[in-house]
Each structure stands twice: as C-alpha cells, then as structure tokens.
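Topology and contacts: notes
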Amino acid sequence: MSIKLPYGLKDGVLVHIQDIQERGLACNCICSACGAMLVARKGNKKNHHFAHYKSPECKHAVQTALHLAAKEIIAQEQKFTIPEFSKVTNEEEFFEDIDIYLDLPNKVQLISEKTYDVHNVYLEKKVSDFVPDIILEIGQRKLLVEIAVTHFIDENKYKKIVAEGISVIEIDLSEFKDDFELEMLKDLVVTGVKYKRWIYNPIGDKEWDKWKAEFLLENDEERKLYELERKKIERLNKEYDKKQQKGKESREAFYLKNLKAINTHSINYIDNKTGELIPKVISHVSPCPEKNKYFNGEYYANIDTHCIRCKYFRGYRNERKHIICLANYYRNKDK
Ligand SMILES: [Zn+2]
C-alpha cells in the first residue's frame, strides 16, 4: 500500500497533515476510519503523512477520510454540480441495426450540466440494502454520490442501485489518492464535473427512451425503406452463401474486392417548412455504372438516394468509408 494518509480527525474535525504543527503522537489525532491514534510524520524526506500508532495501517483510512472530506465540503458549500447526462449513439445496441442507414447525431445530450442547492448531506447512511458513500438531498430528491479511490462500484452494488431507482454519480478521485488538499477537493467534488460520471440516472434514461422513440417516429418512412433494403441485402447474402461452394473465397473476401470509396460534397437545400437554406453533406460514389447523376464528365450516385435502393448495393464497410458495390462484378460477368 503506497497510499499515505493525509487526513486525521482532531476533536472530531478533519485536519490535513499540513495544518498540524506537532509531530508524532502530540498531534492528538485519530484515524477517521478505525479510531486508532495517529502519529504525525513530518520528516524532511518523505511527504508528510499520518501513520497509525502501534497498529497496522487500516485499509479504509484514506477512503474514509476522503468521504468525510467530500461530505464536509459539500455541506459547507451547499452546492453540487451534476455533469451532463448524454448518450453516444454508436455505442448503443439499439442502433446497431439502423445506424448504417440513418443519419444519427453522435452524441445526444439528455440532461445538461447544472449546479443545485444541496439541503442536506449524509455520510454512509444505509439506503435499504446498501450504503452509499454520500447522500445529497436536493429539494425533495435524493442523489447518491460514490467517491471512488481504489474501489469502484461493482455489479452487485449497481444492481441494488438500479433496484432503488435513485440517481448515482461517481467521483473518481483515484488520480488524487496520494494526497488531496481541501481546496483542490472543493473544485473536484463541488463544482467540477471532469471526474464525475453518471452511474445511474433514471430520469435521464427515461429521456433517452423518449428521444429514441421520437427519433424513430421522425425517421419512420426512411427507416422502413431502409429496413426493406437491409432485408434484401440479407437475402442476397444468403443466396450468395448458398451458391458458394467449398474451397471458394468467403463472401466477405469477395465483397472486400468490390469496395467503392465514399466521397462527400456539400449542398444547401431549402427546408420545406421554414424556407431556410440548410447546409448538408451528401455522400456519393463515382463513377457509377448505373448512370444516376452526371457531374464534371463522370457519372456518380448519392448513397442515400441511389445506392441504398440499388440492386448492386451490399452495405457499408470500413466505418462507412466504403460501400460494397457489385455493379462492375455483375456487368463483367454478364458479358
Ligand atoms: Zn485506521
């Protein structure tokens, strides 16, 4: 254990080693976790720290001191800033099937960062089946705060949290475990959001479900069309696999020989409702043997309007940098 204890309790008040003048036992401090007497080690070489007197260093000393410090800071400031709650769509299973077709925003912010007035702060008070590090009362609502130093929330605790339906934020202080000064903690714990993350947020989750439903509704027509296209591709893939004999190259290898690089161009289109000019990036491939569009001496095809409905289209590859286009393959084959 390399973690040195920077805090002790003196007359019930959390004190930092730098604020203690007396060395050794004369510091008159006890461990906030186990209550053992502490000696103040204020040598010249090592970082100043407390050590347990005539007993082994207890496991939870640093963690408990941090909890206590964080609680006191929040109680003093009576404020707490929550980080934004957002979802990254390409990490969501929900979109796995449709994200190759619909134009998804990368990040959806559901709850914005906000500073709340805190009315009460409790330390390590039991909530039904588990003990959160800190409970904040914000108006009528409760927010649980977990201070992570060496232990992070495990699956078991997470399940209990979800069952309870109370929002939980984790503050990751592992980077600062070797020493933490109160002034620094104030930023990290109260107003800062850099080290905070949502473990569970039922309100945010509900907003997310709402967002997804609205998104699907808004894109319903397009989605249905693309679903049909997707099924078509699946069917064609199966047909290909069936025809394929043993020893022949895999479908994937065959497809990778028939990639077309996606290019982009920008256009402005007029919004039907508002009449506004809206810039849009269009993905296209060229040349297109199907002769969809003509520009600068070459035929090209827009992916969303042409390729997706084309019988030669077999989906995207390489993170949408290429499409699989079998046009040339079949054209040459038929000759
Ligand atoms: Zn102790």
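Presented here is a report on the structure given in the accompanying data block. On a predicted model such as this, the values are computed, not experimentally measured, just so you know.

Conventions adopted
Residues numbered from 1 in each chain as written. Predicted model: local features only at pLDDT ≥ 70, side-chain atom pairs only at ≥ 80, totals over all residues. Helix = DSSP H or I, 4+ residues; strand = E, 2+ residues; numbered from the N terminus. Rg over C-alpha atoms; globule rule 2.2 N^0.38 Å. Buried ≥ 20, exposed ≤ 12 C-beta atoms within 10 Å, placed from the backbone. Pairing = 2+ DSSP bridges. Axes fitted to C-alpha atoms, helices over the stretch in contact; angles between N-to-C directions. Contact = placed C-beta atoms within 7 Å. Parallel < 35°, antiparallel > 145°, perpendicular 65-115°, else oblique. Nonpolar A, V, L, I, M, F, W, Y, C, P; charged D, E, K, R; others polar.

1. Re the overall build of the protein chain
Each helix and strand counted, the protein chain has 7 helices and 21 strands in total. At 30 Å, the protein chain has a C-alpha radius of gyration far larger than the 20 Å of a compact globule built from 335 residues. Here the C-alpha coordinates of the protein chain stretch approximately 95 × 55 × 40 Å along the principal axes. Going through the 335 residues of the protein chain one by one, you find that 21% of them count as buried.

2. Re the sheet that holds strand E15 (residues 259-261)
Strand order across the open sheet formed by 3 strands is E15-E21-E20, with antiparallel pairing between neighbours. Two strands bound the open sheet, and with one partner strand each, they are E15 and strand E20 (313-317). This sheet shows a mean twist of 30° between the axes of neighbouring strands, independent of strand direction.

3. Overview of the sheet that holds strand E18 (residues 293-295)
With antiparallel pairing, 4 strands are arranged side by side in an open sheet as E16-E17-E19-E18. Of all the strands in the sheet, just strand E16 (263-270) and E18 have a single pairing partner and so form its edges. Ignoring which end each strand starts from, the neighbouring axes of this sheet average 50° apart. In this sheet, strand E19 (residues 298-302) lies alongside strand E17 (residues 277-285) in antiparallel orientation, the contact comprising 2 bridges. Paired with His284 across the bridge in E19 is Asn302.

4. Some points on unusual backbone geometry
The peptide bond linking Ser286 to Pro287 adopts the cis configuration, its omega dihedral lying at -5°. Here Pro287 lies in the loop between E17 and E18. A positive phi angle, close to 50°, is found at Asp11, a residue other than glycine. The topology assignment puts Asp11 in the loop between strand E1 (7-10) and strand E2 (13-16). On the basis of neighbour count, Asp11 is assigned to the exposed category, with 8 C-beta atoms found within 10 Å. For Gln78, which is not glycine, the phi torsion reads 55° and is therefore positive. The topology assignment puts Gln78 in the loop between helix H1 (61-77) and strand E6 (79-82).

5. Considerations on the environment of Ala327
By the element assignment, Ala327 lies in helix H7 (residues 327-334). In this structure, the C-alpha to C-alpha distance between Ala327 and Glu290, residues 37 residues apart in sequence, is 7.8 Å. Non-local contacts of Ala327, meaning those with residues more than four positions away in its chain, are made with Pro289, Glu290 and Tyr312.

6. Let's talk about the pairing of strand E4 (residues 37-41)
Residues Leu38 and Ala40 line the buried face of E4, whereas the alternating positions Met37, Val39 and Arg41 sit on a face that is not buried. Here 3 bridges tie strand E3 (residues 24-30) to E4, and the two strands are oriented antiparallel to one another. Residue pairing in the sheet places Ile30 in a bridge with Met37 of E4. If you look at the hairpin formed by E3 and E4, you'll find 6 residues sitting between the two strands, and Gly35 has a positive phi there, around 85°. Pairing of E4 with strand E5 (residues 49-52) involves 4 bridges; the strand directions are antiparallel. Its bridge partner being in E5, Leu38 is matched across the sheet by His52.

7. Quick notes on the packing of H1 against helix H3 (residues 182-191)
Direction vectors running N to C along H1 and H3 enclose 75°, while the axes themselves pass 10 Å from each other. Classified by the angle between their axes, H1 and H3 sit roughly perpendicular to one another. For the pair H1 and H3, the contacting residues are Ala69, Ala70, Ile73, Ile74 and Glu77 in the first and Leu182, Leu185, Lys186, Val189 and Val190 in the second. Within the contact of H1 with H3, the residues separate by chemical class into 8 nonpolar, no polar and 2 charged.

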